[in-house]
Amino acid sequence: MITDYSGEEIYRGDLVAYAARQGNRVRMTDAIVDKVTARLVDGRLRGMLRVRPTGVESGFSKRRSLRKEWISSEHVRLIIPDVSSGE
């Protein structure tokens with residue numbers, strides 16, 4: 001079971017928000033969870049998410065691509081569970 005920082009369980013298809021770096025700046029980004037897994041990092045099991053950004057994010061410069069990326073679930077917040085079921 002992988003959870004966000006408040007303890008809410010995260011599953012494939014959930015809409016989440018996370019902090020993404022852009023140069024020296026950080027912006028908040030919304031994304032759909034594509035895959036949920038755990039990896040051993042420095043001797044500790046860490047929750048990892050492969051997410052697909054939606055394009056909705058803070059900041060004044062647009063993201064160059066909406067490619068999928070791996071992020072740690074450590075600083076992720078669940079927004080809407082199972083948002084992709086309606087697609």
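Procedures and definitions
Residues numbered from 1 in each chain as written. Predicted model: local features only at pLDDT ≥ 70, side-chain atom pairs only at ≥ 80, totals over all residues. Heavy atoms only, no water. Helix = DSSP H or I, 4+ residues; strand = E, 2+ residues; numbered from the N terminus. Buried < 20%, exposed > 50% of the residue type's maximum accessible area, 1.4 Å probe, protein only. Lys, Arg positive; Asp, Glu negative; His and termini not counted. Salt bridge = Lys/Arg side-chain N within 4 Å of Asp/Glu carboxyl O. Polar contact = N/O pair within 3.5 Å; in protein donor to acceptor, adjacent residues only side chain to side chain. Contact = heavy atoms within 4.5 Å. Core = buried A, V, L, I, M, F, W, Y, C linked by side-chain atoms within 4.5 Å. Phe/Tyr/Trp six-rings, centres within 6.5 Å; stacked < 30°, edge-to-face > 60°. Lys NZ or Arg CZ within 6 Å of the ring centre and 35° of its normal.

Asker: I'm lost on the side chain of Asp14 in this one. Help?
Answerer: Tracing the backbone shows Asp14 in the segment before β1 (15–22). Lacking a salt bridge, the buried Asp14 has Arg12 as its closest oppositely charged neighbour, with an N-O distance of 10 Å. Among the polar contacts listed, one links the side chain of Asp14 to the backbone nitrogen of Asp82, at a separation of 2.6 Å. Every residue in contact with Asp14, bar those within four places of it in the chain, is listed here: Glu9, Ala31, Ile32, Val33, Leu78, Ile80, Pro81, Asp82 and Val83.

Asker: Would you explain the environment of Ile71 in this entry?
Answerer: Relative to the helices and strands, Ile71 is located in strand β4 (residues 69–72). In this structure the C-alpha to C-alpha distance between Ile71 and Asp14, which are 57 residues apart in sequence, comes to 14 Å. The residues contacting Ile71, other than those within four sequence positions of it, are Tyr18, Gly47, Met48, Leu49, Val51 and Val76.

Asker: How do you make sense of the pattern of salt bridges when you look at a structure like this?
Answerer: Any two side chains of opposite charge can pair, given that their charged atoms come close. One pass over the full model with this rule turns up five salt bridges. Put simply, Asp34 and Arg50 hold a salt bridge, and the shortest N to O gap is 2.5 Å. One end of the pair, Asp34, is in strand β2 (residues 25–41); the other, Arg50, is in strand β3 (residues 44–57), and 16 residues separate them in sequence. Asp34 sits in the buried class, given a relative accessible area of 13%. Asp34 serves as the salt-bridge partner of Lys68, at 3.5 Å between the closest nitrogen and oxygen.

Asker: I keep staring at the nonpolar core and nothing clicks. Help me out?
Answerer: Formed by Ile2, Ile10, Val16, Tyr18, Ala20, Ala31, Val33, Leu49, Val51, Ile71, Val76 and Leu78, the largest nonpolar core amounts to 12 residues. When residues of this core are traced back to their parent elements, those giving at least two are β1, β2 and β3. Ranked by residues supplied to this core, first place goes to β1 with three residues. Apart from the residues lying within four places of it in its own chain, the contact partners of Val76 are Asp4, Tyr5, Ile10, Val16, Ala17, Tyr18, Leu49 and Ile71.

Asker: I keep staring at the packing of aromatic side chains and nothing clicks. Help me out?
Answerer: How two aromatic rings sit relative to each other is given by the distance of their centres and the angle of their planes. One pass over the structure, following the stated rule, counts zero aromatic pairs. A cation over an aromatic ring shows up here: Arg77 above the ring of Tyr5, its NZ or CZ 5.7 Å from the ring centre.

Asker: Any chance you could explain the environment of Ser6 here in plain terms?
Answerer: Relative to the assigned elements, Ser6 resides in the segment before β1. Overall, Ser6 belongs to the partly exposed group, its relative accessible area being 41%. Sequence spacing of Ser6 and Ser58 is 52 residues, and the spatial spacing of their C-alpha atoms is 22 Å. There is a polar contact of 2.9 Å between the side chain of Ser6 and the side chain of Asp4.

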